[in-house]
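Residue-level structure breakdown
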Amino acid sequence: MGRKSVFAISEIQGVEDQINAMKEIAEEFHIPSEKLTKISAHLSRQMTEGLEQNDTSVPMLPSWIDTHPTGQETGEYLALDLSGTSIRVYLVTLHGQGRVTTRQQKYNIHDNIRKSNIQNIVDFLAECVDSFLTFIGKSDIDVPMSLGFVVSFPLNQTAMNKASIIRWTKDFDVTGADGKDLAELLQVGLNKKSIPVKVKAILNGAVGLLLAHNYRSLDTLLACTVSRGTNAAYWERIDDIPKIKGNPNAVGSEMIINTEWGSFGDIHHDYLPRTMYDNKVNRESTNPGVHQLEKMVSGLYLGEIVRNILLDLLDRRLIFNMQYSIDMNLPYNFESSYMSTIESDDSPDLEDTKHILETIMNIQTTTLTDRQMTKKICALVGQRAARIIAAAMSAVIHKRNALETGLTISVEGTIYEHYPNFPNRVNEALREIFGEKVDRINIGITRDGNGIGAALAAMIAENKEA
């Protein structure tokens, strides 16, 4: 267990109005065990509905990957990872026995690329691949290398190497991509520059994460990411995916499903315990009404929830002695990384918290009570996020009845990996849901999962062609 970072309301050295306000906020953000179970049951039902038909709250998108890695495959493959703020290109070497080594380079995506025509993005992707091949000394190879293209956006996928973007998220505003096969566009872009690479597979990031962990742990059922956004993928029985029945690509016994669970709650708004602060963040976001679960748990939004709570208390004259600042008033200016620092602050006077509030957010002066209240608010928002993630994990576990044999869950992301006590809070919530059987769940962190998983997808696709 990590060190304790949540203190009781009674430890706040405030006046009665402040303490009462904090008690109200604590009650709003608390998710008791019975509510966790209800969230899990609702999500499980929505998942089943998504497997039966399209255009549902939880899309349950087929990846068309129906082959489990054995951990014994070998070879060199390329991977291209298009995510929120950067592009990564990997050379992935599979050594067998679950061992993998990688070389990679990162390329930043600037606004003029993120907010432009799809052709500009494709040209930039091709340039990144070309640059990477030069970096690893493979720009003049005779036999083209196989590449897996991992995309951290919802994909409408019709085959392992055919997919279009359903919706651009994470501040991307792209024109000209509607209904177009992204893998084909990338291949054309590579061919234009005579780059010796064949795009063998396109997949979502969560799917890649699952494949990557599967290579070294064969009982991996579920992979999820909790970072700037959130998503999960898991192995589902093909017989339990009615909407692909009769499709010639639906072979094998299981297929990876990209849940896109971040959109849970978009249709049935009462399925998630949203507060007025969640409603305000949703209403003022760039995509109101969309990705409701994601807006309660992911790094892009956690700091914004905290900022709105602080401003509400400020308007009620309960914090910061009515001192406003331009920085605190600026949407999304209170980052989730500040929450991590504040929750980790164990100094008697909460000096790190003071630095963030006074030096970064430019509140002129703060009292110890102000800082204690801020720390408690961060803890409440962070703890609720972890408990919702645990409920979502349990929905998949229940659906697959996976506790009978035991399972491994792969996780990654800045929030899960670096936010104080997040894994412990997830584990505590899972224990409340499953009791002693929680010991049959093994949770492991996978780094570079997108790249390794994309390479494995390219390998699987290549083997199918052989």
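Residues numbered from 1 in each chain as written. Predicted model: local features only at pLDDT ≥ 70, side-chain atom pairs only at ≥ 80, totals over all residues. Heavy atoms only, no water.

- The name given to the protein in an unreviewed UniProt entry is Phosphotransferase, and the organism recorded there is Umbelopsis ramanniana AG.
- Turning to the protein, the UniProt record has this under Sequence similarities (unreviewed entry): "Belongs to the hexokinase family." (UniProt positions renumbered as here; feature names shortened; annotations may be inferred.)

1. Quick word on the sheet that holds strand S1 (residues 61-62)
- Reading across from one edge, S1-S11-S10-S9-S12-S13 is the order of the six strands in this open sheet, with mixed pairing throughout. Across the chains shown, the open sheet's two edge strands, defined by having one partner strand only, are S1 and strand S13 (441-445).
- Two strands pair when backbone bridges link them, and strand S9 (residues 220-226) and strand S10 (residues 230-237) are joined in this way by five bridges, in the antiparallel orientation. From the neighbouring strand, Thr225 faces S10, where its bridge partner is Asn231. (Pairing = 2+ DSSP bridges. Helix = DSSP H or I, 4+ residues; strand = E, 2+ residues; numbered from the N terminus.)

2. Some thoughts on the packing of aromatic side chains
- One pass over the structure, following the stated rule, counts seven aromatic pairs.
- Pairing Phe29 with Tyr277 gives two aromatic rings, centres 6.3 Å apart and planes at 25°, and the pair type is stacked. Of this pair, Phe29 sits in helix H1 (residues 16-29) while Tyr277 sits in helix H7 (residues 276-283), and the two are 248 residues apart along the sequence. Tyr277 shares its class with Phe29; the two are buried.
- Ring pairing ties together the aromatic residues Tyr416, Tyr419 and Phe422, which thus form one cluster.
- Directly above the ring of Phe135 sits Arg103, whose terminal nitrogen or CZ lies 5.2 Å from the centroid. (Phe/Tyr/Trp six-rings, centres within 6.5 Å; stacked < 30°, edge-to-face > 60°. Buried < 20%, exposed > 50% of the residue type's maximum accessible area, 1.4 Å probe, protein only. Lys NZ or Arg CZ within 6 Å of the ring centre and 35° of its normal.)

3. Some details on the environment of Val129
- In this fold, Val129 is placed in helix H4 (residues 118-135).
- Taking the C-alpha atoms as reference, Val129 lies 26 Å from Gly98; in sequence the two are 31 residues apart.
- If sequence neighbours within four positions are ignored, Val129 has contacts with Leu80, Val89, Leu147, Leu190, Ile195 and Val197. (Contact = heavy atoms within 4.5 Å.)

4. Observations regarding the packing of H1 against helix H9 (residues 299-315)
- As a packed pair, H1 and H9 sit with axes 12 Å apart at the nearest point and diverge in direction by 150°. Classified by the angle their axes make, H1 and H9 are roughly antiparallel. The handedness of the crossing between H1 and H9 is right-handed. Here Ala21, Met22, Ile25 and Phe29 of H1 come into contact with H9, specifically with Ile305, Ile309 and Leu313. (Axes fitted to C-alpha atoms, helices over the stretch in contact; angles between N-to-C directions. Parallel < 35°, antiparallel > 145°, perpendicular 65-115°, else oblique. Left-handed = near helix turned anticlockwise from the far one by under 90°.)

5. Some remarks on empty space enclosed by the protein
- Within this structure, the stated rule accounts for two cavities of 30 Å³ or more.
- Roughly 40 Å³ of internal volume is contained in the largest cavity.
- Taken together, Leu61, Pro62, Ser63, Leu155, Gln157, Leu203, Asn204, Val207 and Asn258 make up the full set of residues lining the largest cavity.
- Elements with a minimum of two residues in the lining of the largest cavity: S1, strand S6 (155-159) and strand S8 (197-204).
- Within the lining of the largest cavity, the residues separate by chemical class into five nonpolar, four polar and no charged.
- In this model, the second largest cavity occupies a volume close to 30 Å³.
- If you trace the second largest cavity, you find it lined by Arg274, Asp278, Val281, Asn282, Gln292, Lys295 and Met296.
- For the lining of the second largest cavity, the secondary-structure elements that each account for two or more residues are H7 and helix H8 (294-297).
- Here the lining of the second largest cavity gets three residues from one element, more than from any other, and that element is H7.
- Tallied by class, residues from the lining of the second largest cavity come to two nonpolar, two polar and three charged. (1 Å grid on protein atoms, 1.4 Å probe; cavity = no way out; pocket = protein on both sides within 12 Å on 5 of 7 lines; lining within 4 Å. Points joined across faces, edges and corners; volume = space filled by probe spheres on them. Nonpolar A, V, L, I, M, F, W, Y, C, P; charged D, E, K, R; others polar.)

6. Re the pattern of salt bridges
- All told, the structure shown has 20 salt bridges when counted by the stated rule.
- When the shortest N-O distance is used, the salt bridge between Lys200 and Glu465 registers 2.8 Å. Taken as a pair, Lys200 in strand S8 and Glu465 in helix H16 (residues 449-465) lie far apart in primary sequence, 265 residues in all.
- A relative accessible area of 16% means that Lys200 is categorised as buried.
- Glu465 gets classed as exposed once you look at its relative accessible area, which sits at 53%. (Salt bridge = Lys/Arg side-chain N within 4 Å of Asp/Glu carboxyl O.)

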